[in-house]
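Coordinate inspection notes
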Amino acid sequence: MARMFLNGQAMEGGPFHHHLKGAPLVARTRTAPGHRFFSIGDRCPGLLPDPSSEIRIEGEVYEVPDEVLRDNLLPTEPPELEFGIIKLEDGSACFSMILRRGELESGRHKEITEFGGWRAYLKTLGREA
């Protein structure tokens with residue numbers, strides 16, 4: 001089992017939630033301070049570790065079976081993201097998808113850190129998660 005922090009379309013109610021194949025929700029939580037948040041073409045979000053940021057990003061932690069992570073969840077992630085480790089607000093470490101190295105420098109992704117979460121950002125676009 002892998003503890004996975006999700007902060008986008010695979011969260012409860014999102015269009016990709018079914019990729020979790022029933023993995024149990026452990027917590028609704030936030031990241032620790034130290035992350036920036038980007039929209040990848042308004043399709044999904046991406047975290048970027050940044051120690052200068054004081055913002056906490058909203059998300060959900062799931063206990064995902066290894067085979068579900070490998071066969072169902074990770075293959076659906078966009079190429080702009082990579083598997084990484086983040087810190088949660090309780091100080092624990094957790095797997096998550098983060099902005100792939102070099103993506104920030106591409107200038108293609110809109111920073112949405114100020115919204116504190118994907119759902120809050122989607123509301124500004126008139127969309128639901």
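Just above, that's the structure.
Our subject in this report is the structure included herewith. (Residues numbered from 1 in each chain as written. Predicted model: local features only at pLDDT ≥ 70, side-chain atom pairs only at ≥ 80, totals over all residues. Heavy atoms only, no water.)

**Topic: the pattern of salt bridges**
Rule in force here: We define a salt bridge as a contact between a side-chain nitrogen of Lys or Arg and a carboxyl oxygen of Asp or Glu at a distance within 4 Å. Runs of H or I in DSSP of at least four residues are treated as helices and runs of E of at least two as strands, each being numbered from the N terminus. Each residue gets one of three labels from its accessible area relative to the maximum for its type: buried under 20%, exposed over 50%, partly exposed in between, using a 1.4 Å probe on protein chains only.
According to the stated counting rule, one finds ten salt bridges in the structure shown. The partner of Arg36 in a salt bridge is Asp50, and the shortest N-O contact between them spans 3.6 Å. Here Arg36, found in strand β3 (residues 35-40), pairs with Asp50, found in the loop between β4 (44-49) and β5 (58-64); they are 14 residues apart in sequence, far enough to count as distant. Using a relative accessible area of 21% as the deciding quantity, one classes Arg36 as partly exposed. With relative accessibility at 16%, the residue Asp50 sits in the buried group.

**Some points on the environment of Leu25**
Short version of the rule: For this analysis, residues touch if any pair of their heavy atoms sits within 4.5 Å.
With respect to the helices and strands, the residue Leu25 is situated in strand β2 (residues 25-30). Under the relative-accessibility criterion, Leu25 is labelled partly exposed at 31%. Along the chain, Leu25 and Val64 lie 39 residues apart, while their C-alpha atoms are 9.0 Å from each other. Look past the residues within four positions of Leu25 in its chain and what remains in contact with it is Glu60, Val61 and Tyr62.

**Brief notes about the pairing of strand β6 (residues 81-87)**
Heads up, the rule is: Strand pairing is defined by DSSP finding a minimum of two bridges between the two strands.
As judged from the seven bridges shared by β6 and strand β7 (residues 93-99), these two strands associate in the antiparallel manner. Across the sheet, Leu81 pairs through a bridge with Leu99, a residue of β7. In this antiparallel pair of consecutive strands, β6 and β7, the connection spans five residues, and Gly91 shows a positive phi of 90 degrees.

**Quick look at the environment of Ile55**
With respect to the helices and strands, Ile55 occurs in the loop between β4 and β5. On the basis of relative accessibility, which here comes to 33%, the residue Ile55 falls in the partly exposed class. The spacing of Ile55 and Arg30 is 25 residues in sequence and 9.4 Å in space, taken between C-alpha atoms. Apart from residues no more than four positions distant in its own chain, Ile55 is found in contact with Thr31, Ala32, Pro33, Gly34, His35, Thr113 and Gly116.

**Let's talk about helix α1 (residues 66-73)**
Along an α-helix, residues three or four apart share an orientation, since each turn contains 3.6 residues. What counts here: As used here, the arc is the angular range of directions from the helix axis to the C-beta atoms.
For α1, the complete set of buried residues consists of Val68, Leu69 and Leu73. The arc enclosing the buried residues of α1, seen along the axis, measures out at 100 degrees, which places them on a common side. Its buried side turned inward, α1 meets β1 (2-6), β5 and β6.

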